Every structure is written in structure tokens, then in C-alpha cells.
Amino acid sequence: MGFIPVFMMYAAGWRRSILKFSRSSKMAALRSRKVVELFYDVISPYSWVAFEVLCRYRSRWNIDLQLRPFFIGGVFKETGNKPPGLLAAKYAYAQHDLRRLADFYKIPVKMPPMERLMRRENVNSNRLLTAVNLDCPQHLENLSRELWMRVMSRDQDISDPASLETAAAAAGIPSGTTPQLLGRIRDDDVKAALKDTTNQALAYGAFGAPTIVAHVEGTPVMIWGSDRFPLLAHMLGERWEGPLREMAKY
Amino acid sequence: MAAPARKSVEFFYDVLSPYTWLAFEVMCRYQQKWNIDLKLRPFFLSGIMQGADNRPPGMVPAKATYMGQDLRRLTDMYQVPFNMPSNPAEVMFIKGSINAGRFLTAVDMNCDQYLEELTRQLFLRIYYRDEDITEPASLMAAATKAGIPEDLAKQLLSTIKDQAVKDQLRQTTQAALDHGAFGSPTIVAHIDGKPQMFFGSDRLELMAHMLGEKWYGPLPELAKAKM
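In this report, we go over the structure that sits alongside the text.

Criteria and cut-off values
- Residues numbered from 1 in each chain as written.
- Chains lettered and ligands numbered in written order.
- Predicted model: local features only at pLDDT ≥ 70, side-chain atom pairs only at ≥ 80, totals over all residues.
- Heavy atoms only, no water.
- Helix = DSSP H or I, 4+ residues; strand = E, 2+ residues; numbered from the N terminus.
- Buried < 20%, exposed > 50% of the residue type's maximum accessible area, 1.4 Å probe, protein only.
- Contact = heavy atoms within 4.5 Å.
- Salt bridge = Lys/Arg side-chain N within 4 Å of Asp/Glu carboxyl O.
- Buried area = accessible area lost by both parts, 1.4 Å probe.
- Polar contact = N/O pair within 3.5 Å; in protein donor to acceptor, adjacent residues only side chain to side chain.

Further remarks concern the side chain of Arg125(B). Residue and element names in this part refer to chain B. In this structure, Arg125 sits in helix α6 (residues 115-127). Taking relative accessible area as the criterion, Arg125 reaches 11% and is therefore assigned buried. Apart from the residues lying within four places of it in its own chain, the contact partners of Arg125 are Asp130, Glu131, Asp132, Ile133, Ser138, Ala141 and Ala142.

Applying the stated criterion across every chain, the model contains 31 salt bridges over all chains. The salt bridge partner of Arg41(B) is Glu10(B), with a shortest N-O separation of 2.7 Å. Taken together, the residues span a long stretch of sequence, with Arg41(B) in strand β2 (residues 36-42) and Glu10(B) in strand β1 (residues 7-13) at a distance of 31 residues. Overall, Arg41(B) belongs to the partly exposed group, its relative accessible area being 25%. Put simply, Asp97(A), Asp227(A), Arg228(A), Asp70(B), Asp202(B) and Arg203(B) are held in one network by salt bridges that share partners.

Here we come to unusual backbone geometry. Residue Pro210(A) is bonded to the preceding Ala209(A) through a cis peptide linkage, with omega at -5°. Inspection of the secondary structure puts Pro210(A) in the loop between α10 (188-203) and β3 (211-216). The omega torsion across Ser184(B) and Pro185(B) is 0°, close enough to zero to call that bond cis. Mapped onto the fold, Pro185(B) is located in the loop between α9 (163-178) and β3 (186-191). One non-glycine residue with positive phi stands out, namely Leu244(A), at about 50°. Tracing the backbone through its elements, the reader meets Leu244(A) in the segment after α11 (229-236).

If you look at the interface, chain A gives 29 residues, while chain B gives 25 residues. Across the interface of chain A and chain B, roughly 2400 Å² is buried in total on both sides, 61% from carbon and sulfur atoms. Together, Tyr93(A), Arg100(A) and Arg228(A) form the three largest contributors to the area buried by chain A at its contact with chain B, with a combined 27%. Linking chain A with chain B are four salt bridges, by the criterion used here. We note a salt bridge from Asp70(B) to Arg228(A), for which the minimum N-O separation is 2.8 Å. Viewed at the interface, chain B and chain A are joined by ten residue pairs in polar contact (both at pLDDT 80 or more). The biggest single contributor to the side of chain A that touches chain B is helix α4 (residues 88-105) of chain A, with seven residues.

Below, the structure is given as C-alpha cells:
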């Protein structure tokens, strides 16, 4: 029957137009992705919450999530702020708060003793993350997550090179690369990059962690903490759909 | 079939705290939506700070700057009328809230049906119209706007230095400290026989989850405070 070939030619034409349209709107979408910077430190439990939430929303929102490992110690020093967990009432509250947030978000976060978080040598973790971000950024997300699993779920060390070697392996970093990466912790350019990222956060007005900076219509909007996602969604013109537990990596 | 019992939610607060204004308005909106019995518990923030050895967050300059922006953005989104006072340090750290706290306590003890609206009117004074909340005339003006009959308001105002009122404010403050409070608001939801303490205005979605209730966001369409 003549109608079917005509219909198929007609449909093929439609399909080409639709493909052309969707490719160009994909291009437009890529161009218009809003940059969202996440400044974080692995000794900050609420940074882990923000990290997981933003990783889940990366595929839902039209954003370009940029991970920025920084040094919260430098932020506290510069601003005169202090770790909240040093106050007994706040530490006790954080234990309850994180237990409830762990259930709500399906992230195995558990507040460790402050002594674990206050070790000066923890800066080795920040420097390792910085080195990875410089040399092999494809591993940054997994390594960040593995460092949090150690310090913020299993109360394990993240300051000693042996600990960091274990974390790197668990994060899937090839064992051949790891010794060199660990060596980079002492390099001047790595120390400078960590300082630089920290100063960038300070320039945005940071005083704590996590510090999220959303670039909306050319203006940077700084948001502190892991409890402003509905506001962030509102500012990005997106929708907050809750904790998205079904996307948990745990 | 009997309706399930309302869950008790205690809202410990001081009108001196701007984030408390947000939390108060949202909780009042949710009274209509959730199966809860919202109990307003006016306390004394200065007493909480002392008891918990805490300091007001605004004492870190970068935090104070951030809070101003944060409050503006949130109050816009939540449709809560808000203006930062022209001299926030004077309002928060010097003038304080002892008289307001005692007056709210006196109203709670005698005619608590006015407590919600009096709270609202005091918040509108301090955090919308930049007006005083420490002088007797200021408290009378708030009481009148809250619909408290003039004679009753005058009588309650005359009791704010009475031992009974001071003691009650102190007891409410201590009750909050016993729940682990270190600031305002301190919300205690009684869930499955256990008190769950939530600090601040940003745990309401989590609290909804634990209460087994649905979270609809800040519900600006149910706003009671009009500009």
C-alpha cells in the first residue's frame, strides 16, 4: 500500500528534525550548566553529607559540580571561628544529629572523638587530595569518599602515610601510582595549591565547612553547611526532591 | 475508630534570635498540616548560652556577614517579613530580651491562647520594623496588636518581676538545657516515647520524616504574618 512508505518517509523526516533539535538543546544545556563549587575537608562530617547529596543531584540538576578539597584549619585560623565539636553541648548534639542524618540520607556517617579530628597530621589527607586533584582528578571523588569512610565511619586514622596508602588502594588508585602520589604530599606546588584553594574559599566569605559556591547568572552565591539544599535548588531554578536514598552508594 | 494521638512538639524559643522567627512561622503553618500538639515554650537565650558555655554566632565577623545574607534569602523564600535591625549588636548583645521573655511567660501562665500572636507581634517589632522590645510601652503595644484586652495586658505586665514569673522562665530555660540545648530554637519532638531534640530552623524536613509526616516545604501560602 502506498500510504505506508509515505508515512515512513514522513516519520524519518520528523525523526531527523527531532534529533537535530535535541542535539542542539543538549549543547545549549551543556553551555548553560551552572557551576557549583564544593569546598570541603574530610575532617568535617557535614561536608560528607553535602558531598553525597551534590553527587546524587549532579545527574538531576543542570550543574557542573567542581570538587575543591581545602583546609578547614586555615579557614578557622583566618576567621577566628572554632570547630563546633570543641563545645561539649554541640559535640553531644552532633552525635545525635549525625546518627539521624545517616538514616535520613543513607550515609554511614558517625561522629568520631574530637581527638581523631584534631590531629595536626590530618593535613596529609588534605595534601593528598590536592595532589590527586592536580595529577589524576578522576580519582578525587573515590578517594574523598574512602577517606570519609575511614575517619567518619570507622574512626580510623587518616594522618599516617600507611593509612593513606590503604585508602588510596581502597579508592581504586593503581598501586603503581600511589608511592609517587604520597611523595607529592611534601611538594611545594601541592602545599601552595591547597593554600590557594583555601584562600579562594575565604575570598567567597567562608568561615566553615562545607562551603558551597553556586554561580548563578555570573554572581557567586556562597552557602554554608549541608542544610540549605532547598534554597540552593531555588536559586538554581531546580527542584529539591529530598535525600534520594535510592541513589546511595552504601 | 479513634484518631491517632497527637504527637507533642515543644518549641523552646527566645524572640531575640532571628532564625527562630523563621522556624516559628513555619511550625505555626504546620500545626494545620500535621497531627501535632505544638507547645510554645518561651525561654531565656542568655541563660541558655551561659548554661551551655556557648557564644552567639554573630561574634565571628565572617559568620555575621553570612547570616545577614542567609536570613534575607531564607525569609524571601519562606515569605516571612524580615529586616535586619539597623544596629544588630546593640539589639542582640546589649538590649537583650529579659523583659520580653518574662512577659511571654506571664501570658503563657495566664492566658496562653494569646501566646502565639504575642510572639508574632514581638518578632515583627524586633525583626521587621526595628522597634524596641524591652520597654513596658513596647510590650503593651505588642500585646494590643496581639488582641490581649488592655486591662489584662497591664495586669500581666505588672507581674513580670514577680518571683513566680521569674521562676517559670528559669524552669523553662533549664528544661531546654536538660534536653541538651545550646541555642534557639530548640525543638523537642516526642516520638515513640523518646524526646528528639532538634536545634535550629533547618531540621524541619528531617523532623517530618521522624514524625511520619509529609514535608511540603516552607508553605509560604499559609503565611500568617503579613507585611
